[in-house]
Amino acid sequence: MGSSVISCTLGPFSTVSMGLPGDHEGKTATRTFFVQGKDRLALIDSGLRAGYPALEQGFAELGFKKSDLDLLLITHEHMDHIGNNGPLKRETGCRVIGHAARADRVADNMLNAKSIVHAFPEGTEFDLDSEYLDWMAPDEGPLDEFVSDGDAADLGGGIELEVVECFGHSMGEIGFFERSSRTLAIADPLLPVFNPVLYLYEDPAAMRATFDKLERFVAERDVATVLLAHEEPRSAESALELVADCRSRVDAIEDSMMQCIREQPGITRAELRDAVCDKFEKVREWRALVSIEASLRSFDEQGLIRKTGHGWTITE
Ligand SMILES: [Zn+2]
């Protein structure tokens, strides 16, 4: 066995780190979190398929048998968070729990992949089969039970995970708050500053509401530590700095989109994506279109822009 896959242990939480295919210097490693109560063992997210060996090593390092896993709690449906649902469900007999809003995508890999890829203009050339298999095991692990804001999973011995809805990055995303350790485990509502991909949000208003909610939650619940899926744990103070930074990054994307539309009337969605990705030195790729599309929809609803031909123009 090589080096440890447990990157952090804190109260009932043990973090397993797994690299991503095409990892950007290991910085974007995905983290999943074991949470151990007196009576039950939970795992927050199953990670990406290529990380399954790391997950197995995590069980071994922590002295758990696979059959010890009772609950698999899903933060959101993205491939790097549910990739091992199928094998885990089969091999451990765990119950899979998450938000109902994206249950259809969790239950269907192809639907899940296409739901993001739909925004890809070169979509017909995109090979889903070869692209997604590094991320998601071929057999899905659908949700057995739905939870929403305020629900709690009792693991015994005073360890309880309270559901905290945080929509925006995914419109079915949840985090979990554990009171005894004052730990808030969230996946992707706060994306790392070094993220090579444009900030991914499905709805800019929901995303901003989540930034506000997280600020309130950290203060009101006296959160001590925030665990994130793609970077190291943060103190409350440092998490609040990240919230402010995330908010300004979403604002900057929208400002730059409006500026591009103003300077180049009729600019298309794909041209906007390229211009904005270049401006912020992010990879020009299909996921960026999810955010571009979301903001175009929002501008359109606010009457700020109108469709002209295949592109968009500022409303006079
Ligand atoms: Zn995500």
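Refer to the structure printed above.
Residues numbered from 1 in each chain as written. Predicted model: local features only at pLDDT ≥ 70, side-chain atom pairs only at ≥ 80, totals over all residues.

1. So, the sheet that holds strand 6 (residues 95-98)
Here is step 1 of the chain: Strand order in the open sheet formed by seven strands is 1-2-3-4-5-6-7, and the pairing between neighbours is mixed. Each having just a single partner strand, strand 1 (6-10) and strand 7 (145-146) make up the two edges of the open sheet.
Here is step 2 of the chain: Note: strand 4 (residues 41-44) against strand 5 (residues 69-73), four bridges, orientation parallel. What sits directly across from Leu 43, in strand 5, is Leu 72.
Here is step 3 of the chain: Contacting strand 1, strand 2 (13-18) and strand 3 (30-36), helix 1 (residues 52-62) runs over the sheet at an angle of about 150° to strand 2.
Here is step 4 of the chain: The strands touched by helix 3 (residues 85-92) within the sheet are strand 5 and strand 6, with strand 5 carrying the most contacts at an inclination of about 160°. (Pairing = 2+ DSSP bridges. Helix = DSSP H or I, 4+ residues; strand = E, 2+ residues; numbered from the N terminus. Contact = placed C-beta atoms within 7 Å. Axes fitted to C-alpha atoms, helices over the stretch in contact; angles between N-to-C directions.)

2. Quick look at helix 1
Here is step 1 of the chain: Burial in helix 1 covers these residues: Ala 54, Leu 55 and Gly 58. Along the axis of helix 1, the buried residues cluster in a sector spanning 100°; they form a single face.
Here is step 2 of the chain: Structurally, helix 1 contributes buried residues whose contacts are with strand 1, strand 2 and strand 3.
Here is step 3 of the chain: Gly 63, located one to two residues past helix 1, shows a positive phi value of around 80°. (Buried ≥ 20, exposed ≤ 12 C-beta atoms within 10 Å, placed from the backbone. Arc of directions from axis to C-beta.)

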